Amino acid sequence: MKKLLFFVIFLSAAYLAKAGGYQVNLIGIRYIGMGHIGTGLTMDAGSIFFNPGALSLIKDKYSITGSVSGIFSYTQFRSADAGFTARTDNPLSTPFSVFASAKITDDLSAGIGVYTPFGSSIVWGDNWGGKYLIQDIKLKSILFQPTLSYKIGDKLGIGAGLVFAYGKVDLNRALPVTFADGSSGQVNLKGHATNWGYNVGISFKPIEALTIGLNYRSKIKMDLKDGDANFTVPSSLSPNFPAGNKFNATLPLPATFSGGISYNINDKFLIGAQVDYVRWSAYDSLIFDFKQNTPSLPDSRNPRKYENTFIFRLGGQYKATDMFTVRLGGYYDQTPIRKDYVNPETPDGNRIGLSAGLSIYPSEKLSIDLSFLFVNQLKRDSEYAPANFKGAYKTYAYIPGIGLSYNF
């Protein structure tokens, strides 16, 4: 029985690893088309996310932009020991962002943003070879950010925003117990969490054609309280899995420090680069605090030991005509998960992203923005050591996006 209950705790811990370790960089269609650079740009109200300091340097008095992307992705797994393969059947995910800003005075600007920088949805199926680790999981987050930005002279902008985060999770896994009909037991964990963070930035234009930006988005501790832990087990085992059980846990959304630069080669051609430093080391361990413990169901501490990572980005845009602007970009994104801690809830690896974009201008102020991002997660032979679950993961994602921007 102790071994059985260890599995229960272990499965719960793996869920939270997924929730804390998945960052979604799909903010703004124009930025996605250029490899998701933005810290060194002064383009539109999307600076509320990428660099609040740049907001006051935007030339337009009002800026409104919104977008949505569709993530079509799958992961293939080949077991190293059991000799089976499996493939996810993930539903469509639709991260979005909306930003609006206005100049209160010539020097002071204000804005608000709503965006979804973390989230995931993975479906492996009920009876695949890793069902005791994960069957399916949904993670959603929405961040709200009011922002102020102040221009000092014509070359320097500073800004800051207060961030309110809301997150929601829902997970299913099989349990290593069997009913009379041969089906496995089941655990469902779900709940929500909220907390506050901040976003600050500075933008500097030493010459008109050159922009340099720095941005820091703080860590946010998502405190999940009174989540629901529901177990479906044979009646003879139910005393060890109290009905209506609750749990508390904390999920860190990591801090990110970004430095970016852009240069207008001429009136039509812009190029840029950006480096992001993501402080994933905040996710060192995970503690599960069950409201109702039994001798076989204690609270648990689970090591995660994530590592800090870099993301390197390049991009550019070309104004082909007054009606069309085209964009290209790419990035290399390091995984924060050590080789011995890769599990199917977070089948993560180093990623290469290639993107393209197009803006169509029916009028001078309005643009219809399109993007397409292809993500190739490099094949990775790894193990989840606590469960001796070994194999190779390979992931692809195809992500089209559409948006509207109105600046006046």
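Residues numbered from 1 in each chain as written. Predicted model: local features only at pLDDT ≥ 70, side-chain atom pairs only at ≥ 80, totals over all residues. Heavy atoms only, no water.

The name an unreviewed UniProt entry assigns to the protein chain is Putative outer membrane protein, from the organism Sporocytophaga myxococcoides. The Sequence similarities (unreviewed entry) comment attached to the protein chain in UniProt states, word for word, "Belongs to the OmpP1/FadL family." (UniProt positions renumbered as here; feature names shortened; annotations may be inferred.)

Caption draft 1: Spotlight on the pairing of strand S6 (residues 119-123). Along S6, four of the five residues are buried, which leaves the element largely enclosed by surrounding structure. Relative to strand S7 (residues 136-152), S6 runs antiparallel, the two sharing five bridges. Bridging from a neighbouring strand, serine 120 pairs with leucine 139 of S7. (Buried < 20%, exposed > 50% of the residue type's maximum accessible area, 1.4 Å probe, protein only. Helix = DSSP H or I, 4+ residues; strand = E, 2+ residues; numbered from the N terminus. Pairing = 2+ DSSP bridges.)

Caption draft 2: Molecular detail of the environment of serine 101. For serine 101, the location among the structural elements is in strand S4 (residues 96-103). The buried category is assigned to serine 101, whose relative accessible area is 11%. Residues serine 101 and aspartate 60, 41 residues apart in the sequence, show an inter-C-alpha distance of 9.5 Å. Discounting residues that sit within four places of it in the chain, serine 101 has contacts with Ala45, Leu55, Lys61, Tyr62, Ser63, Ala110 and Gly111. (Contact = heavy atoms within 4.5 Å.)

Caption draft 3: Geometry of unusual backbone geometry. A positive phi is found at histidine 36, a non-glycine position, where the angle reads about 65 degrees. Inspection of the secondary structure puts histidine 36 in the loop between helix H2 (29-32) and helix H3 (47-50). Assessed through its relative accessible area of 4%, histidine 36 is described here as buried. The residue aspartate 226 is not glycine, and still its phi comes out positive at about 55 degrees.

Caption draft 4: Structural view of the side chain of glutamate 383. You can see glutamate 383 is positioned in strand S20 (residues 366-384). An unpaired buried charge is present at glutamate 383: no salt bridge exists, and lysine 390, the closest side chain of opposite charge, is 4.4 Å distant. Discounting residues that sit within four places of it in the chain, glutamate 383 has contacts with Lys339, Asp340, Tyr341, Val342, Asn388, Phe389 and Lys390. (Lys, Arg positive; Asp, Glu negative; His and termini not counted. Salt bridge = Lys/Arg side-chain N within 4 Å of Asp/Glu carboxyl O.)

Caption draft 5: Examining the packing of aromatic side chains more closely. For the structure on display, the rule yields 25 aromatic pairs. On the numbers, 5.1 Å between centres and 10 degrees between planes, the contact of phenylalanine 77 with phenylalanine 389 is stacked. One end of the pair, phenylalanine 77, is in strand S2 (residues 72-79); the other, phenylalanine 389, is in strand S21 (residues 389-407), with 312 residues separating them in the sequence. The residues phenylalanine 77 and phenylalanine 389 share a single accessibility class, namely buried. Ring centres 5.1 Å apart and planes at 50 degrees place the aromatic pair phenylalanine 231 and phenylalanine 241 in the tilted group. In this pair, phenylalanine 231 sits in strand S11 (residues 220-232) while phenylalanine 241 sits in the loop between S11 and strand S12 (245-253), placing the two residues ten residues apart along the sequence. Residue phenylalanine 231 is classed as buried on the basis of its relative accessible area, which comes to 15%. By way of ring pairs, the aromatic residues Phe77, Phe84, Trp124, Trp128, Phe389 and Tyr393 are connected into one cluster. (Phe/Tyr/Trp six-rings, centres within 6.5 Å; stacked < 30°, edge-to-face > 60°.)

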